[in-house]
Amino acid sequence: MATLILNASEVLTMAGPDGPRSGPAKGGLGLLRDGAVLIDKDQIVAAGPKPVVLAHPAAKGAKILSAEGKVLMPGFVDAHTHPVFAAARLDDFEARVSGKSYAEIARRGGGILSTVNGVRGSKEADLVAGLRLRAHDFIAAGTTTIEAKSGYGLDLDNELKLLRAMRAVSSRGPLEIVATFLGAHAVPPELKGKKDEFVDRVCEVMIPRVGQEKLAVFVDLFCEEGYFDLGDLDKVAAAGAKAGLKLKVHSEQLSRMGSLGASLRHGAVTADHLDCVTEDDLPALAASKTVACLVPGSNYFLGKPYPPARRLLDSGAAVALATDFNPGTCPCHDMRMIVSIACTQMKMTPAEALVSATINGAHALGLGATHGSLEPGKTADIACFDAEDHRELAYWFGAPKTRWVMKRGEVVYKAS
Ligand code: NIG
Ligand code: FE
């Protein structure tokens, strides 16, 4: 039986041109004040003004779901997370608020390698159990699809363990997880000082295996001083392409290395972070198909300057927003918090931020044709928030607002 969603104060369809939204389309919410959405099985069959949707043949006899005068919109698509890990990094947190830098903490045995120790000491079943709990948190915050990176294993077996944990959780639903292999996240302790040897292992052993087992859609690397360089980016991109993996890059985060230009040359689907981009970088990015995936929750948490979102948007680049959920630099899974930070700290409008967090997030995962908007033929991934006006989603920061969430046409979360 079909389901008809009525009575929303605002339906944000995010309907618009094909492709990532940029330029004049960057804040296009497709807002309807007397809107309705009709769902059949796991798909949206109509979304538009109520009289138009009611006239659809499938609307007859449909079950009614009331949006209770609230904001109805596509579930958030969070295109950058590192959600599979064993434990929080509270010592790192305390050291950083006491003045130690991310790099200093890493040198003293904290940072990524401390999470690697935790993952190496965990069974796959424990990682699955932890991820399942986090998956529930994402759903309860209105996020219906995430990208998830490995990168806390750093050897073949442990990286495969992380990717298999993601597959196990995604296959049981409701949270959909798109996997990224981030082998080149840090050099593991057993190869300290032997970065090139590690990159060879990543490219010659790990990437081909991940490709063969179809455990990931994307390959990524942390292109950063003290981690991996432009030569490594070329190698990882080439090995990824050979294995059928599309490219994402942690780019220009803590320093500007020129990795954005290299990412564009390799046709990366996204370049992520971009805190240190300069004016000179903007025209090539705007002219490319690469989406700038900004993760300002990590800037908030590290107390660092924000990426120049306004300059990126005004130059014509397509911008996605994501959490970067991870135990080191952003332990926040809530896309509403990220939307709020994007507005208050990066001066994005609420409309631009919501477009960036939904349809552009979908494009950042290569899922723009099926996810991220309420349009006929798309997957019925929908969130209903306790707000009458979409601007409230950024305004009432830090407080839960989710009423209910639908994934593939089924209500999978209801606020109590
Ligand atoms: O996106 N930059 C590298 N990776 C993560 C941090 C991972 C960690 O500190 O555990 C990031 O910020
Ligand atoms: Fe990240």
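Everything below is about the structure shown above.
Computed from a predicted model, the values in this text were never measured in an experiment.

Q: Summarise the packing of helix α6 (residues 156-172) against helix α7 (residues 195-212); cite the residues concerned and give the values.
A: Here α6 crosses α7 at 25°, and the two axes come no closer than 10 Å. Taken as axis vectors, α6 and α7 run roughly parallel relative to one another. Crossing geometry of α6 relative to α7 is assigned as right-handed. Residues Leu156, Glu159, Leu160, Leu163 and Arg164 of α6 form the contact with α7, whose participating residues are Val205, Met206, Arg209 and Val210. A class-by-class count of the residues in the contact of α6 with α7 yields six nonpolar, no polar and three charged.

Q: So what's going on with the coordination of the iron ion (ligand 2)? Which residues, and what values?
A: Surrounding the iron ion (ligand 2) are the protein donor atoms His80 (NE2), His82 (NE2), His250 (NE2) and Asp324 (OD), at 2.1 to 2.4 Å. For the iron ion (ligand 2), all donor residues lie on one chain, and their spacing in sequence is H-x1-H-x167-H-x73-D. By relative accessible area, which is 0% here, His80 ends up buried. You can call His82 buried: its relative accessible area is 3%.

Q: Describe in detail helix α13 (residues 335-346), supporting the description with residues and values.
A: Counting buried positions along α13 yields ten of twelve residues, so the element is predominantly enclosed. Within α13 the residues assigned to the buried category are Met335, Arg336, Met337, Ile338, Val339, Ser340, Ile341, Ala342, Cys343 and Met346. Put simply, Asp334 is the residue that caps the front of α13, since its side-chain oxygen is 2.9 Å from the backbone nitrogen of Arg336. With its phi angle positive at about 60°, Lys347 sits one or two positions after the end of α13.

Q: Explain the packing of aromatic side chains to me, and be specific about the residues and the numbers.
A: Inspection of the entire model under this criterion finds seven aromatic pairs. Each ring, one from Phe85 and one from Phe325, has its centre 5.8 Å from the other, and the planes form 40°; the classification is tilted. Separated by 240 residues along the polypeptide, Phe85 in the loop between β8 (76-78) and α2 (90-97) and Phe325 in the loop between β15 (319-321) and α13 bring together distant segments of the chain. Given the relative accessible area of 8%, Phe85 is considered buried. Phe325 sits in the buried class, given a relative accessible area of 7%. With centroids separated by 5.4 Å and ring planes inclined at 85°, the aromatic side chains of Phe138 and Phe325 adopt a geometry described as edge-to-face. Separated by 187 residues along the polypeptide, Phe138 in helix α5 (residues 124-140) and Phe325 in the loop between β15 and α13 bring together distant segments of the chain. Each member of the pair, Phe138 as well as Phe325, is classed as buried.

Q: Tell me about unusual backbone geometry, residues and numbers included.
A: Excluding glycine, residues mostly carry a negative phi; peptide bonds, for their part, are mostly trans. For the peptide bond that leads from Gly173 to Pro174, omega is 0°, which places it in the cis range. Of note, Pro174 is situated in the loop between α6 and β10 (176-184). Phi is positive for Leu274, which is not a glycine, with a value near 60°. As for its position among the elements, Leu274 is in the loop between β13 (270-273) and α10 (282-287). Unusually for a residue other than glycine, Lys347 sits at a positive phi of about 60°. Within the secondary structure layout, Lys347 lies in the loop between α13 and α14 (350-356).

Q: How would you explain the sheet that holds strand β2 (residues 10-12) if you had to name every residue and give the values?
A: Ordered in space as β3-β2-β7-β16-β17-β18, the six strands form an open sheet in which the pairing is mixed. With one partner strand each, in any of the chains shown, β3 (31-32) and β18 (410-414) form the two edges of the open sheet. As defined by bridge partners, strand β17 (residues 402-407) adjoins β18 across four bridges and the pair is classed as antiparallel. Note that in β18 the partner of Lys407 across the bridge is Glu410. Most of the contacts of α5 go to β18, to which it runs at about 95°, and overall it touches β17 and β18.

Q: Explain the site of ligand 1 to me, and be specific about the residues and the numbers.
A: Lining the immediate environment of ligand 1, one finds 15 residues, of which Arg89, Tyr102, Tyr152, His185 and Thr329 sit closest. Contact distances for ligand 1 include 2.8 Å between an oxygen atom and a side-chain N or O atom of Arg89. His273 is positioned with one of its side-chain polar atoms (N or O) 3.0 Å from an oxygen atom of ligand 1. Partitioned by chemical class, the residues of the shell around ligand 1 number four nonpolar, nine polar and two charged.

Conventions and cut-offs
- Residues numbered from 1 in each chain as written.
- Chains lettered and ligands numbered in written order.
- Predicted model: local features only at pLDDT ≥ 70, side-chain atom pairs only at ≥ 80, totals over all residues.
- Heavy atoms only, no water.
- Axes fitted to C-alpha atoms, helices over the stretch in contact; angles between N-to-C directions.
- Helix = DSSP H or I, 4+ residues; strand = E, 2+ residues; numbered from the N terminus.
- Parallel < 35°, antiparallel > 145°, perpendicular 65-115°, else oblique.
- Left-handed = near helix turned anticlockwise from the far one by under 90°.
- Contact = heavy atoms within 4.5 Å.
- Nonpolar A, V, L, I, M, F, W, Y, C, P; charged D, E, K, R; others polar.
- Donors = N, O, S within 2.8 Å, 3.2 Å for Na, K, Ca; no water.
- Buried < 20%, exposed > 50% of the residue type's maximum accessible area, 1.4 Å probe, protein only.
- Polar contact = N/O pair within 3.5 Å; in protein donor to acceptor, adjacent residues only side chain to side chain.
- Phe/Tyr/Trp six-rings, centres within 6.5 Å; stacked < 30°, edge-to-face > 60°.
- Pairing = 2+ DSSP bridges.
- Near = heavy atom within 4 Å.

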